[in-house]
Amino acid sequence: MSVQQPQDAGHPVRLTWRMRIRRDRTLLLMTVPSIALLLVFNYAPLFGLATAFQDYDPLIGVWHSQWVGLDQFRQLFQDAQFWDSLKNTIYLSFVQLILFFPIPIVLALLLNTVLSIQVRNFIQSVVYLPHFFSWVLTITIFQQMLGGAGLLNQFLRSHGMSTWDIMTNPHTFALLVTSQAVWKEAGWGIIVFLAALAGINRELYEAAAADGAGRWRRMWHITLPGMRGVIVLMLVLRLGNALSVGFEQFLIQRDAVGHSSADVLDTFSFYYGIATNNYSYGAAAGLFKSVISLLLIWGANKLAHAFGEDGLYRT
Amino acid sequence: MTNTLTISPTRAGAAAQARHSRAGTARPPWEEPPTVIGQTVKGLTLIGVVAVVLVPLWIILVTSFSTPGAINRAGGLVIWPDGLTVEPYREMLLDPTVRTSLLVSLGITLIGTAVSMAVSVMCAYGLSRPRSFAHRFLLLLLIVTMFVNGGLIPTFLVVTDLGGYGKYWALVLPSAVSVFNILVLRAFYSETSGELIDAARLDGAGDWRILWSVVLPTSRAVTAVVTLFYAVGYWNAFFNVMLYMPTDSQKWPLQYVLLTYVNRGVGLPGSVNNGFGSTHAHTAPLSLQMAVVVLTLIPLLIVYPFVQKHFRTGVLTGAIKG
């Protein structure tokens, strides 16, 4: 194995690309497995998107299937169920944004005021925990607590009150999935906000206190501006992902609640693509979602720049 | 392209935060003492938050250890230990479907995590050395996949075309590489001091040796966190099973059994008595179901305490300068 020259020393030596490949061959070799996996399982499917413009037949494959142009999309836009799932996606995303987004911020603010290290660490360990539960487990827990045979109804029944099955009610489904998301992810969501809080200069608080600013004024004028960058970043990420509202979560509960209120774009793509072997149709729905999502990320990022923040990326 | 995925890129920053919170234990002299009402509201809220997580877990745990009598007396889930027994667990572990699925889950998790870590650690190190050949291009190749992907159906078609339907590798390989995790690892490897690496190089160490003996030992915390992220991903995997092996119950991992047995209450074909637990006199079906829930939790609860203190470093280091 050749001993490399320390290339970092001041003056750059001009090397041809052959020499650079020879020099870095071990490093390049190390990236090969990951890159290969990504090429197969992430880049190859991009070519598979061609199926959205075909009448894809799995027996003859992408190369020989018949091209139909935008037919799949035309059919999609006339499909009432597609519009239902798009409407559900946007509605659920909106409800989750309004009800979910502020909770980690408030929790982080609250936790930040806990002085005892032990108490803080304990609370943090507990609230991070559900993030590592699977959706199956989370929904099972909700089922046991709020479902038809669950704890809540067990209590209601034993006190002679009428029961109330929250888990199968299409009308309150948005609230149900949001509370599941809050239960599972809100604790995890506080990490970045806590880091932002820890990064605020303590002397600002002391100076403000010396100038007579009370607790709430300090929060308004120092804490919240100090968190602004992170809040905007998280909002951008959320807006960019607005069309991806928890796939597994909906898939698992779809049967209990009914597809008209539980179908989102992802589950639509799954049920009308894979379950019925109508791959082209599902791929078209997926492509529609991807394109809108990219536009959303791009737009949200522009919005962040308009607020004077870095956003997700800057070109 | 400059990508800033998260906020605090340096380990120094995390250390400063740690120091900060330690210094924050005492109330600074200028700060007003808390009001009684404020303290109470805050305390109750935090107790409520902790209870919302812990109480369901407690109830499930107690119910899983309960005798049929205790479950009858409670009319369902048991809140306070009444009659305790380990019979549900014995019963559960005798069930062939549960036993198989436990082995499948453990196997997928162990092999998958090993594959993912090997591949990711190598890739992260390969891209972490400054000015190496094509590292910017390769990094871009990685990052693009975070924003653009073929979506569900084209990915499904690629995997099935490669013969993945009904095969265990279909549960591992398509999700083996997490770009986010590679970027986290890379951020730490980039910070390993250049002098240390140069010194190793002068001693005749090649890149493999440097990765194994210098870089990996200096970044144990982040390795632990990323390993946990991968392991949890494999342990919790459910959708891939639904896609690639929906019918063969002998190959199902635990999460799928949890969904079928517990959530949907269906009897499994491989089960001793089609209708899980219904004919066992010594075990209530409910406690058996809750035992399955606890079983899915045990591995996580064993590992969690060891890794938990490193979460922040792992999560906050997604910063990349492409």
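Scroll up to find the structure.
Read on for an overview of the structure. (Residues numbered from 1 in each chain as written. Chains lettered and ligands numbered in written order. Predicted model: local features only at pLDDT ≥ 70, side-chain atom pairs only at ≥ 80, totals over all residues. Heavy atoms only, no water.)

1. Thoughts on empty space enclosed by the protein
Cut-off, in case you're wondering: Only protein atoms enter the 1 Å grid used here. Points where a 1.4 Å probe fits but cannot escape make up a cavity, open sets with protein on both sides within 12 Å along at least five of seven lines make up a pocket, and a residue lines them when an atom lies within 4 Å of a point. Grid points are joined across faces, edges and corners, and a volume is the space filled by probe spheres set on the points. Helical segments are the DSSP runs of H or I of at least four residues, strand segments are the runs of E of at least two, and each set is numbered from the N terminus. When residues are grouped by polarity, Ala, Val, Leu, Ile, Met, Phe, Trp, Tyr, Cys and Pro land in nonpolar, Asp, Glu, Lys and Arg in charged, and all others, Gly among them, in polar.
The final tally for this structure, using the stated rule, is five cavities of 30 Å³ or more. Of the volumes computed, that of the second largest cavity is approximately 40 Å³. Listing elements by their share of the lining of the second largest cavity, those giving two or more residues are helix H6 (102–112) and helix H7 (117–128) of chain A together with helix H2 (36–64) of chain B. Partitioning the lining of the second largest cavity into residue classes produces seven nonpolar, no polar and no charged.

2. Considering the environment of Val226(B)
Residue and element names in this part refer to chain B. Our working definition: Only protein chains enter the accessibility calculation, which uses a 1.4 Å probe. A residue is then buried if its area is under 20% of the maximum for its type, exposed if over 50%, and partly exposed in between. The contact definition used throughout considers only heavy atoms, calling two residues in contact when any of these lie within 4.5 Å.
Within the element layout of this structure, Val226 appears in helix H12 (residues 220–236). Judged by its relative accessible area of 1%, Val226 falls in the buried class. Along the chain, Val226 and Leu259 lie 33 residues apart, while their C-alpha atoms are 27 Å from each other. Among residues more than four places away in sequence, those in contact with Val226 are Met117, Asn181, Val184 and Leu185.

3. Some points on the interface of chain A and chain B
Basically, it comes down to this: Computed with a 1.4 Å rolling probe, the buried area is the accessible surface lost when two parts are put together, summed over both parts. Should a side-chain nitrogen of Lys or Arg be within 4 Å of a carboxyl oxygen of Asp or Glu, the pair is scored as a salt bridge.
Each partner contributes to the interface: chain A provides 99 residues, whereas chain B provides 107 residues. Together chain A and chain B conceal approximately 9,200 Å² of surface at their shared face, both sides included; 74% is due to carbon and sulfur atoms. Per-residue buried area on chain A facing chain B is highest for Met30(A), Phe41(A) and Phe132(A); these three make up 8% of the total on that side. Our count for the contact surface shared by chain A and chain B stands at one salt bridge. The greatest single-element share of the side of chain A that touches chain B, amounting to 19 residues, is contributed by helix H2 (residues 25–48) of chain A. A breakdown of the residues in the side of chain A that touches chain B according to their chemical character gives 64 nonpolar, 23 polar and twelve charged.

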